[in-house]
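Read off the chains here:
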Amino acid sequence: MTDNNINMPSQTDSKSGRAYKTETVFICVVLAAALVLFILTGASTACVMAVIGVLWTLYMRSQRKKGVADWQENTKRIIIFTLVSFLINLFPPMSAGSTGKWRYPLIRRYIDCYNTVNMPSRLPDSIPDDAAEYRLEFLPSIMQGNGHFSVRYVCGNDSLDGFAESCRRDAIYTLTLADAENDSKATDIRYDRDFWAGHEESAVIYIFSGNFEHHYHVDCVIVDEENRAVQYFAD
């Protein structure tokens, strides 16, 4: 009888230890997934997952300090927190951006999976190796608000050869960036003002599609052949 009383706490502690080790593994998986997602895409969703992982860790530690040892409680937390982390990824990130050219194909595919914003029709498959001042920006469409997808950079010497000519041929509307402020067809184009500062006269906006009466979508490219700068934009 005495032996049984001595062994029971030991068996309980062993089960409790295994339960918390299992839960810790799931927490590590969520945090690792958040880290990988952030490194590859810079998506805000990764930050939310990281916060969930930290809160989960703190709650688990508090329960362990209280001596709560119950496989059912551990399993419930695993299911709830893992499910919440999964459900978060069913919705597009509130933002994604990057100044790393290697991220571009990954972010483009990642954002395209959600189908919440129109992609510029002339987006390149990859960013030129000699491109400088590269930046990608994304904002999803939420209810009545328009999102946008934008990529801009300065090209190498030959990267824009023939590009402006093909844009002139296919554009339904063309205007200089300097005229954009006073033109109703371009007032909703969110061009990077810091990037284009000083190039308003040499930069040209080529609009390929858009609803100019009731603005829902504009697909355009801004090109400065003289300074080899380009920005792809759609909303």
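Residues numbered from 1 in each chain as written. Predicted model: local features only at pLDDT ≥ 70, side-chain atom pairs only at ≥ 80, totals over all residues. Heavy atoms only, no water.

## A look at the packing of aromatic side chains
Here is step 1 of the chain: According to the stated counting rule, one finds five aromatic pairs in the structure shown.
Here is step 2 of the chain: Judged by centre distance (5.0 Å) and plane angle (10°), the ring pair of Trp 56 and Phe 81 falls under stacked. Taken together, the residues span a long stretch of sequence, with Trp 56 in helix H2 (residues 44–65) and Phe 81 in helix H3 (residues 71–88) at a distance of 25 residues.
Here is step 3 of the chain: Looking at Trp 56, the relative accessible area reads 0%, which means it is buried.
Here is step 4 of the chain: With a centroid separation of 5.0 Å and an interplanar angle of 80°, the aromatic rings of Phe 195 and Trp 196 are classed as edge-to-face.
Here is step 5 of the chain: Owing to a relative accessible area of 8%, Phe 195 belongs among the buried residues under this scheme.
Here is step 6 of the chain: Following the ring pairs from residue to residue traces out a cluster consisting of Tyr 153, Phe 163 and Tyr 232. (Phe/Tyr/Trp six-rings, centres within 6.5 Å; stacked < 30°, edge-to-face > 60°. Helix = DSSP H or I, 4+ residues; strand = E, 2+ residues; numbered from the N terminus. Buried < 20%, exposed > 50% of the residue type's maximum accessible area, 1.4 Å probe, protein only.)

## Things to note about a nonpolar patch on the surface
Here is step 1 of the chain: Together, Leu 35, Val 36, Ile 39, Leu 40, Trp 102 and Leu 106 make up a nonpolar patch on the protein surface, roughly 550 Å² of accessible area in all.
Here is step 2 of the chain: For the nonpolar patch, the element with the highest residue contribution is helix H1 (residues 2–41), accounting for four residues.
Here is step 3 of the chain: When you line up the elements, Val 36 lands in helix H1. (Patch = residues over 30% accessible without salt bridge, like charges linked within 9 Å, V, L, I, M, F, W, Y side chains within 5 Å. Areas by Shrake-Rupley, 256 points an atom, 1.4 Å probe, with all protein chains shown as cover. Salt bridge = Lys/Arg side-chain N within 4 Å of Asp/Glu carboxyl O.)

## Let's talk about the packing of H2 against H3
Here is step 1 of the chain: It is the contact of H2 with H3, at a shortest axis distance of 10 Å, that shows an interaxial angle of 170°. Relative to H3, the element H2 lies roughly antiparallel. Facing H2, whose interface residues are Thr 45, Val 48, Met 49, Ile 52, Trp 56, Tyr 59, Met 60 and Gln 63, H3 presents Arg 77, Ile 78, Phe 81, Thr 82, Val 84, Ser 85 and Ile 88. (Axes fitted to C-alpha atoms, helices over the stretch in contact; angles between N-to-C directions. Parallel < 35°, antiparallel > 145°, perpendicular 65-115°, else oblique. Contact = heavy atoms within 4.5 Å.)

## Concerning helix H5 (residues 163–170)
Here is step 1 of the chain: Every buried residue belonging to H5 is among Phe 163, Ala 164, Ser 166 and Cys 167, and all of these are buried. End-on, the buried residues of H5 take up no more than an arc of 160°, which puts them together on one face.
Here is step 2 of the chain: Close packing links the buried residues of H5 with strand E5 (204–210), strand E6 (218–224) and strand E7 (229–234). (Arc of directions from axis to C-beta.)

## Describing the pattern of salt bridges
Here is step 1 of the chain: Evaluated as defined, the whole model comprises 10 salt bridges.
Here is step 2 of the chain: Put simply, Lys 76 and Glu 73 hold a salt bridge, and the shortest N to O gap is 3.9 Å. Pair noted here: Lys 76 and Glu 73 are both in helix H3, with a separation of three residues, about one helical turn.
Here is step 3 of the chain: We classify Lys 76 as partly exposed; its relative accessible area is 46%.
Here is step 4 of the chain: One salt bridge connects Arg 168 with Glu 225, and the closest N-O pair in it is separated by 3.4 Å. Within this pair, whereas Arg 168 is found in helix H5, its partner Glu 225 is found in the loop between E6 and E7, the two being separated by 57 residues in sequence.
Here is step 5 of the chain: The exposure class of Arg 168 is partly exposed, given its relative accessible area of 40%.
Here is step 6 of the chain: Classification of Glu 225 as partly exposed rests on a relative accessible area of 45%.
Here is step 7 of the chain: Via salt bridges that share partners, Arg 122, Arg 169 and Asp 170 belong to a single interconnected network.

## A word on the sheet that holds strand E2 (residues 132–139)
Here is step 1 of the chain: The seven strands lie next to each other as E1-E2-E3-E7-E6-E5-E4, forming an open sheet whose pairing is antiparallel. The open sheet is flanked by strand E1 (96–98) and strand E4 (173–176), the only strands paired with a single partner. Averaged over all neighbouring strand pairs, the angle between strand axes comes to 10°, with direction disregarded.
Here is step 2 of the chain: Direction of pairing for E6 relative to E7: antiparallel, over a ladder of six bridges. Directly across from Val 221, in E7, lies its bridge partner Tyr 232.
Here is step 3 of the chain: Sheet strands touched by helix H4 (residues 104–112): E1, E2 and strand E3 (148–154). Its angle to E2, the strand with the most contacts, is close to 15°.
Here is step 4 of the chain: Where H5 meets the sheet, its contacts fall on E5, E6 and E7, and the angle it forms with E5 comes to roughly 45°. (Pairing = 2+ DSSP bridges.)

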